[in-house]
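Observations on chain architecture
The residues making up each chain are set out below.
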Amino acid sequence: MTPPDRPGRLPLFDPDRLSPEQRALYEEITGGPRAAGPRLFDLTDAHGHLHGPFNAMLTSPRLGGALQALGSAVRFGTSLPPRVRETAILVVATVWDSAFERYAHEAAGEAAGLTGQELRALCEGTDPGFTDAFERAAWSAARTLAARPDGLDDAWYAAARAALGEAALFELSTLVGYYATLALQLRLFAVPAPTAPVTGKEPQP
(Lines give C-alpha, C1' and ligand atoms only; values in the text may rest on other atoms or scores of the structure.)
Protein backbone atom coordinates (compact mmCIF):
# COMPACT_ATOMS: atom_id res chain seq x y z
CA MET A 1 0.00 0.00 0.00
CA THR A 2 1.38 3.40 -1.00
CA PRO A 3 1.02 5.99 1.80
CA PRO A 4 -0.89 9.18 1.08
CA ASP A 5 1.01 12.18 -0.24
CA ARG A 6 -0.06 14.26 2.77
CA PRO A 7 -1.25 13.34 6.25
CA GLY A 8 -4.32 15.60 6.33
CA ARG A 9 -5.16 18.38 8.76
CA LEU A 10 -4.63 16.40 11.96
CA PRO A 11 -1.23 15.29 13.23
CA LEU A 12 -0.76 11.55 13.32
CA PHE A 13 -0.75 10.43 16.94
CA ASP A 14 2.50 8.75 17.96
CA PRO A 15 1.56 5.45 19.63
CA ASP A 16 4.46 5.90 22.08
CA ARG A 17 3.11 9.26 23.30
CA LEU A 18 -0.55 8.52 23.95
CA SER A 19 -2.38 9.33 27.16
CA PRO A 20 -3.78 6.36 29.10
CA GLU A 21 -7.24 7.03 27.62
CA GLN A 22 -5.85 7.28 24.10
CA ARG A 23 -3.78 4.13 24.62
CA ALA A 24 -6.87 2.19 25.72
CA LEU A 25 -8.77 3.29 22.62
CA TYR A 26 -5.79 2.58 20.38
CA GLU A 27 -5.64 -0.96 21.72
CA GLU A 28 -9.40 -1.42 21.25
CA ILE A 29 -9.05 -0.45 17.60
CA THR A 30 -5.89 -2.39 16.81
CA GLY A 31 -6.79 -5.41 18.94
CA GLY A 32 -10.54 -5.66 18.32
CA PRO A 33 -12.52 -7.49 15.62
CA ARG A 34 -11.19 -5.20 12.89
CA ALA A 35 -7.70 -6.52 13.59
CA ALA A 36 -8.60 -10.20 13.84
CA GLY A 37 -7.60 -12.43 10.97
CA PRO A 38 -6.63 -11.35 7.44
CA ARG A 39 -7.34 -7.76 6.39
CA LEU A 40 -7.68 -5.91 3.11
CA PHE A 41 -5.93 -2.81 4.39
CA ASP A 42 -3.68 -2.04 7.33
CA LEU A 43 -5.10 -0.27 10.37
CA THR A 44 -1.71 1.33 11.03
CA ASP A 45 1.33 2.45 9.08
CA ALA A 46 4.88 1.18 9.60
CA HIS A 47 5.26 3.52 12.61
CA GLY A 48 2.01 2.45 14.28
CA HIS A 49 -0.01 5.57 13.33
CA LEU A 50 -3.70 4.82 12.81
CA HIS A 51 -5.03 5.12 9.25
CA GLY A 52 -8.24 6.66 8.00
CA PRO A 53 -10.89 7.81 10.49
CA PHE A 54 -9.31 6.08 13.48
CA ASN A 55 -6.55 8.64 14.06
CA ALA A 56 -9.17 11.36 14.58
CA MET A 57 -10.93 9.26 17.22
CA LEU A 58 -7.90 9.68 19.47
CA THR A 59 -8.54 13.44 19.73
CA SER A 60 -11.47 12.69 22.05
CA PRO A 61 -11.03 9.17 23.44
CA ARG A 62 -14.35 8.98 25.28
CA LEU A 63 -16.42 9.94 22.24
CA GLY A 64 -14.01 8.21 19.88
CA GLY A 65 -14.38 5.02 21.89
CA ALA A 66 -18.16 5.15 21.63
CA LEU A 67 -17.91 5.81 17.91
CA GLN A 68 -15.54 2.93 17.23
CA ALA A 69 -17.74 0.63 19.33
CA LEU A 70 -20.73 1.61 17.20
CA GLY A 71 -18.68 0.96 14.08
CA SER A 72 -17.70 -2.47 15.33
CA ALA A 73 -21.36 -3.23 16.05
CA VAL A 74 -22.61 -2.17 12.62
CA ARG A 75 -19.81 -4.06 10.88
CA PHE A 76 -19.89 -7.27 12.90
CA GLY A 77 -23.09 -7.32 14.94
CA THR A 78 -26.03 -6.94 12.56
CA SER A 79 -28.13 -9.41 10.63
CA LEU A 80 -27.39 -7.65 7.32
CA PRO A 81 -25.69 -9.97 4.82
CA PRO A 82 -22.14 -8.92 3.85
CA ARG A 83 -23.15 -7.96 0.31
CA VAL A 84 -25.91 -5.71 1.65
CA ARG A 85 -23.63 -4.17 4.27
CA GLU A 86 -20.90 -3.36 1.77
CA THR A 87 -23.46 -2.09 -0.75
CA ALA A 88 -24.79 0.41 1.78
CA ILE A 89 -21.28 1.55 2.74
CA LEU A 90 -20.36 2.14 -0.90
CA VAL A 91 -23.61 4.07 -1.40
CA VAL A 92 -22.55 6.40 1.41
CA ALA A 93 -19.02 6.66 0.00
CA THR A 94 -20.46 7.70 -3.37
CA VAL A 95 -22.97 10.19 -1.97
CA TRP A 96 -20.27 11.80 0.18
CA ASP A 97 -17.50 11.32 -2.40
CA SER A 98 -15.35 9.74 0.31
CA ALA A 99 -12.09 8.48 -1.19
CA PHE A 100 -11.02 6.55 1.90
CA GLU A 101 -14.34 4.75 2.27
CA ARG A 102 -14.22 3.77 -1.40
CA TYR A 103 -10.60 2.66 -1.02
CA ALA A 104 -11.41 0.41 1.93
CA HIS A 105 -14.80 -0.91 0.92
CA GLU A 106 -14.43 -1.60 -2.78
CA ALA A 107 -12.05 -4.36 -1.72
CA ALA A 108 -14.35 -5.42 1.13
CA GLY A 109 -17.27 -5.47 -1.29
CA GLU A 110 -15.34 -7.70 -3.67
CA ALA A 111 -14.52 -10.04 -0.80
CA ALA A 112 -18.23 -10.06 0.16
CA GLY A 113 -19.15 -11.25 -3.34
CA LEU A 114 -20.02 -8.06 -5.22
CA THR A 115 -19.02 -8.38 -8.86
CA GLY A 116 -16.80 -5.91 -10.70
CA GLN A 117 -19.82 -4.61 -12.61
CA GLU A 118 -21.81 -4.14 -9.39
CA LEU A 119 -18.89 -2.36 -7.71
CA ARG A 120 -18.44 0.00 -10.65
CA ALA A 121 -22.13 0.85 -10.65
CA LEU A 122 -22.17 1.49 -6.90
CA CYS A 123 -19.12 3.75 -7.11
CA GLU A 124 -20.65 5.63 -10.06
CA GLY A 125 -24.03 5.98 -8.35
CA THR A 126 -25.87 3.99 -11.01
CA ASP A 127 -28.14 0.95 -10.78
CA PRO A 128 -26.07 -2.14 -9.89
CA GLY A 129 -28.75 -4.41 -11.34
CA PHE A 130 -29.36 -6.54 -8.26
CA THR A 131 -31.87 -9.30 -8.96
CA ASP A 132 -32.28 -10.41 -5.34
CA ALA A 133 -35.32 -8.59 -3.95
CA PHE A 134 -33.82 -7.96 -0.50
CA GLU A 135 -30.53 -6.65 -1.92
CA ARG A 136 -32.34 -4.36 -4.33
CA ALA A 137 -34.63 -3.00 -1.61
CA ALA A 138 -31.66 -2.42 0.71
CA TRP A 139 -29.71 -0.62 -2.04
CA SER A 140 -32.69 1.61 -2.78
CA ALA A 141 -33.31 2.34 0.91
CA ALA A 142 -29.63 3.14 1.52
CA ARG A 143 -29.66 5.63 -1.36
CA THR A 144 -32.69 7.39 0.10
CA LEU A 145 -31.29 7.37 3.64
CA ALA A 146 -27.92 8.73 2.51
CA ALA A 147 -29.10 11.32 -0.01
CA ARG A 148 -32.74 12.23 0.63
CA PRO A 149 -33.66 12.05 4.32
CA ASP A 150 -36.58 14.39 3.60
CA GLY A 151 -38.09 11.70 1.37
CA LEU A 152 -38.96 9.32 4.19
CA ASP A 153 -42.72 9.73 4.02
CA ASP A 154 -45.25 7.17 5.17
CA ALA A 155 -45.57 5.55 1.75
CA TRP A 156 -41.79 5.14 1.46
CA TYR A 157 -41.59 3.70 4.97
CA ALA A 158 -44.42 1.24 4.40
CA ALA A 159 -42.77 -0.06 1.22
CA ALA A 160 -39.33 -0.30 2.85
CA ARG A 161 -40.71 -2.07 5.92
CA ALA A 162 -42.58 -4.56 3.74
CA ALA A 163 -39.42 -5.33 1.76
CA LEU A 164 -36.86 -5.37 4.57
CA GLY A 165 -38.56 -5.55 7.95
CA GLU A 166 -38.22 -3.17 10.87
CA ALA A 167 -35.06 -4.73 12.34
CA ALA A 168 -33.16 -4.54 9.04
CA LEU A 169 -34.34 -0.96 8.52
CA PHE A 170 -33.03 -0.01 11.94
CA GLU A 171 -29.71 -1.71 11.27
CA LEU A 172 -29.42 -0.22 7.79
CA SER A 173 -30.20 3.32 8.93
CA THR A 174 -27.66 3.00 11.76
CA LEU A 175 -25.01 1.75 9.34
CA VAL A 176 -25.71 4.57 6.88
CA GLY A 177 -25.58 7.14 9.69
CA TYR A 178 -22.30 5.76 11.03
CA TYR A 179 -20.52 5.80 7.68
CA ALA A 180 -21.93 9.24 6.87
CA THR A 181 -20.41 10.43 10.16
CA LEU A 182 -17.05 8.95 9.19
CA ALA A 183 -17.27 10.50 5.74
CA LEU A 184 -17.97 13.90 7.31
CA GLN A 185 -14.99 13.59 9.64
CA LEU A 186 -12.70 12.33 6.86
CA ARG A 187 -13.65 15.40 4.82
CA LEU A 188 -13.38 17.77 7.80
CA PHE A 189 -9.87 16.61 8.62
CA ALA A 190 -8.89 16.13 4.95
CA VAL A 191 -7.82 12.54 5.53
CA PRO A 192 -6.51 11.13 2.24
CA ALA A 193 -6.79 7.59 1.01
CA PRO A 194 -3.65 5.65 0.13
CA THR A 195 -2.80 6.13 -3.52
CA ALA A 196 -2.49 2.44 -4.41
CA PRO A 197 -5.76 0.50 -4.92
CA VAL A 198 -6.49 -2.48 -2.76
CA THR A 199 -7.12 -5.82 -4.44
CA GLY A 200 -9.79 -7.95 -2.82
CA LYS A 201 -7.90 -11.15 -2.11
CA GLU A 202 -8.73 -11.74 1.54
CA PRO A 203 -11.89 -11.16 3.57
CA GLN A 204 -12.00 -8.14 5.87
CA PRO A 205 -12.75 -8.90 9.54
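Report on the accompanying structure. (Residues numbered from 1 in each chain as written. Predicted model: local features only at pLDDT ≥ 70, side-chain atom pairs only at ≥ 80, totals over all residues. Heavy atoms only, no water.)

1. Considerations on the overall build of the protein
- Looking only at helices and strands, the protein features nine helices and zero strands.
- Helices and strands in the protein line up, N terminus first, as α-α-α-α-α-α-α-α-α.
- When the 205 residues of the protein are sorted by exposure, 46% land in the buried category.
- Look at the contacts in the protein between residues 6 or more apart in sequence, and 73% of them connect residues 24 or more apart. (Helix = DSSP H or I, 4+ residues; strand = E, 2+ residues; numbered from the N terminus. Buried < 20%, exposed > 50% of the residue type's maximum accessible area, 1.4 Å probe, protein only. Contact = heavy atoms within 4.5 Å.)

2. Quick notes on the environment of A193
- Following the sequence through the fold, A193 ends up in the segment after α9 (166–188).
- In this structure A193 comes out as buried when scored by relative accessible area, which is 15%.
- Along the sequence, A193 and R102 sit 91 residues apart, while their C-alpha atoms lie 8.7 Å from each other.

3. Some thoughts on the environment of M57
- Mapping M57 onto the fold places it in helix α2 (residues 54–57).
- On the basis of relative accessible area, M57 is assigned to the buried category, the value being 3%.
- Each C-alpha atom of the pair M57 and Y26 lies 9.0 Å from the other, and the pair is 31 residues apart in sequence.
- Ignoring any residue separated from it by four or fewer positions in sequence, one finds M57 in contact with L25, I29, G64, L67, Q68, Y178 and L182.

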